[in-house]
Amino acid sequence: NSSSFALRLCMLLRRVHRLSTVIARSRPRWTSSSLSSFLSSPAPPLRSMSKVRKGRKNRSGPLSQRRPGIQIASSKVGGFGSSSSSSSSSRVAFTMPPRDQSRDQSRDEDLSVKTPESVGGSRAKESLPQLHVKSPLRRMQSDMDHPFYALLVHNVTHSDFLVSFKAKDGVGDVIARPKFSKVASVCKKIYDALQAAKLNAESDRRKERAARRDAGQRDGLDENDPPLLVPWTVKSKDDPECPMGFNVASDSRVDVEFDSWDDFHIKGSMEELRAEKPTLTGVYFPLMAVILPGWCRLTAVQSDHSRKVLYLISGEGTPWNQKHLAADNSTKATAQLIELFTETYYDDVEVHLLHSGTEIFHYDTNVKFANNELRPLIEAHRRELANRFYENWPRRMQVIISVSNGAPARVSAINAALREFRPDCLHMWQLKTFWFSFPEIDVLNEGDLEFHGFEKLEMTPSMPVSELDSRIQTLVEEVKRHRDEFIAVRDSGKYNELSKFWLRKSNKP
């Protein structure tokens, strides 16, 4: 009857599907006996027809579309609804064109990643090459063909921000930093002033471009045009004018003055130089000014065309003085200032702000924030690369955590949440070089920054075998003996199957 014919036909199609899968993966030379043995082998348990129809709806297309390179042509004798089952048969023919090697080559290409031991400075172990700048069109095409994600996670703290004020009699500057419960208000006031100045500068640029178009000149900006915000620069290894902050004193568009010195800690040797009221002359980022150039050089080693993404993590903690609010020590405005600094002078870096809220000193709160807010963003980048490069995605993404300062609970939670991405570390081990050297700073002190790879952070330091336990020494000798036997068999050429051995799923030797 028709039902028994439908069941037999489904069983046959399942066997054909198994055969096509094996042919696509291994492509063996089938003989008549082996083919008959395969078709006569028992098929997997057959689902009910309702489940089969439901499964077909969820498929993305027919077998010829889901398995490129396999074309199935079938013909049957006898109608599907015929009452006579003996007159029905089925013939299946396979057409397999030569396999396209370009896709396998793109998936299995050599994507070796170089990991230097350090970045920059006399204390570093290895210097990094400079970033090679290429044409925008070539850069765009390379980014499309070979993307590389360089992700930097930085925990913003009160050490990330310093200011200078005009000294009395207008001679020199006085370096200072906001007090613990004044960080939010001070950074907010400075950020609003700088952001307004940048918007005014952008408006002036648009008017200049419109005037040039009206005059029949080219629609663009000259290389000699001043920046939107005047930088405070020093010399570095790669740049004679490396920005360290904003030079407010040289920018007539920014005018910030505070009512009292009570909101700031002043460098001890400059106490007697302070003026009647603190008038802002400069904004400095002593940590990020060193971390960003080192990170950019590090990404240049991995890929000339990388998508650099910076995650700035801010938060606020409960103060010991109950008269103060937790929001008063928030680093959110500090992160906004760093974002403004990065977007102004590092236009190829994407900046994302993450604010965790209160209780940065509690471990449970930090673990929840890192797992629910930070890690999904990193997983999105990984998912994008995995959909394109499959198992080679780790070679297309590098996660770096900058370790400089911050609450131990925050730093520990971030490292634990991102451990599955095997993050490297940029360690800013000296935090107050800028503070003690100001104002005699001409060269960027890149020796304060050290790079440590994930393997170096995770592995046990090497030690002589003679200092190990006797049992471990025996294990080492056994492994070395097994290695010597393997090499001897490999080089002998007798009874050696390594040259013919292949993995069934990946077809790799």
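Computed from a predicted structure; not experimentally measured.

Draft legend 1. View of the packing of helix H10 (residues 363-389) against helix H11 (residues 408-417). Interaxial distance between H10 and H11 falls to 9 Å at its minimum, and their mutual angle equals 40°. In terms of axis orientation, H10 runs oblique to H11. Handedness of the H10/H11 crossing: right-handed. The segment H10 lies against H11, with Tyr363, Asn366, Val367, Ala370, Asn371, Leu374 and Arg375 engaging Ala409, Arg410, Ser412, Ala413, Ile414 and Ala417. Residues belonging to the contact of H10 with H11 are distributed by class as follows: eight nonpolar, three polar and two charged.

Draft legend 2. Geometry of the nonpolar core. If you look at the biggest cluster of nonpolar residues, it comprises 68 residues, and the most contacted ones within it are Phe161, Ile190, Phe246, Phe285 and Phe434. At eight residues, helix H8 (residues 288-302) tops the list of elements feeding residues into this core. In this view, Phe285 contacts Asp160, Phe161, Met244, Gly245, Phe246, Leu337, Ile338 and Phe341; residues no more than four positions away in its chain are not counted. In this structure, Tyr149, Tyr311, Ile378 and Leu385 belong to the second largest nonpolar core, which totals 18 residues.

Draft legend 3. Representation of the side chain of Thr334. Residue placement: Thr334 occurs in helix H9 (residues 332-345). Those residues within four positions of Thr334 in sequence are excluded, and the remaining contacts are Val156, Thr157, Asp160, Phe161, Val183 and Cys187.

Draft legend 4. Layout of the environment of Ala407. Counting through the fold element by element, Ala407 comes out in the loop between strand S12 (397-403) and H11. Given the relative accessible area of 13%, Ala407 is considered buried. Setting aside chain neighbours within four positions, we find Ala407 in contact with Ile360 and Phe361.

Draft legend 5. Representation of unusual backbone geometry in the model. A cis amide bond links Phe438 to the next residue, Pro439, at an omega of 5°. Within the secondary structure, Pro439 sits in the loop between helix H12 (433-437) and strand S14 (449-452).

Draft legend 6. Structural view of the packing of aromatic side chains. All chains considered together, the criterion is met by 15 aromatic pairs. Summarising the aromatic geometry, the rings of Trp232 and Phe434 are spaced 5.9 Å apart at their centres and angled 75° between planes, so their arrangement reads as edge-to-face. One end of the pair, Trp232, is in strand S6 (residues 231-234); the other, Phe434, is in helix H12, and 202 residues separate them in sequence. Residue classification places Trp232 among the buried residues on the basis of a relative accessible area of 16%. Counting every residue linked through ring pairs, the aromatic cluster contains Phe246, Phe285, Phe341, Tyr345 and Tyr346. One cation-aromatic arrangement involves Arg177 over Trp435; the distance from NZ or CZ to the ring centre is 5.9 Å. We note Arg396 situated over the ring of Phe389; from NZ or CZ to the ring centre the distance is 4.9 Å.

Draft legend 7. How the structure looks around the sheet that holds strand S7 (residues 242-247). Strand order in the open sheet formed by six strands is S6-S7-S9-S4-S5-S8, with antiparallel pairing between adjacent strands. Where the open sheet ends on each side, the last strands, each with one partner, are S6 and strand S8 (264-266). With strand direction ignored, the average angle separating the axes of adjacent strands in the sheet is 35°. Here S6 pairs with S7 via four bridges, running antiparallel. Counterpart to Trp232 in the pairing with S7 is Gly245.

Scoring rules and cut-offs
- Residues numbered from 1 in each chain as written.
- Predicted model: local features only at pLDDT ≥ 70, side-chain atom pairs only at ≥ 80, totals over all residues.
- Heavy atoms only, no water.
- Axes fitted to C-alpha atoms, helices over the stretch in contact; angles between N-to-C directions.
- Helix = DSSP H or I, 4+ residues; strand = E, 2+ residues; numbered from the N terminus.
- Parallel < 35°, antiparallel > 145°, perpendicular 65-115°, else oblique.
- Left-handed = near helix turned anticlockwise from the far one by under 90°.
- Contact = heavy atoms within 4.5 Å.
- Nonpolar A, V, L, I, M, F, W, Y, C, P; charged D, E, K, R; others polar.
- Core = buried A, V, L, I, M, F, W, Y, C linked by side-chain atoms within 4.5 Å.
- Buried < 20%, exposed > 50% of the residue type's maximum accessible area, 1.4 Å probe, protein only.
- Phe/Tyr/Trp six-rings, centres within 6.5 Å; stacked < 30°, edge-to-face > 60°.
- Lys NZ or Arg CZ within 6 Å of the ring centre and 35° of its normal.
- Pairing = 2+ DSSP bridges.

Fair warning: the whole summary comes from geometry, so function is off the table for now.
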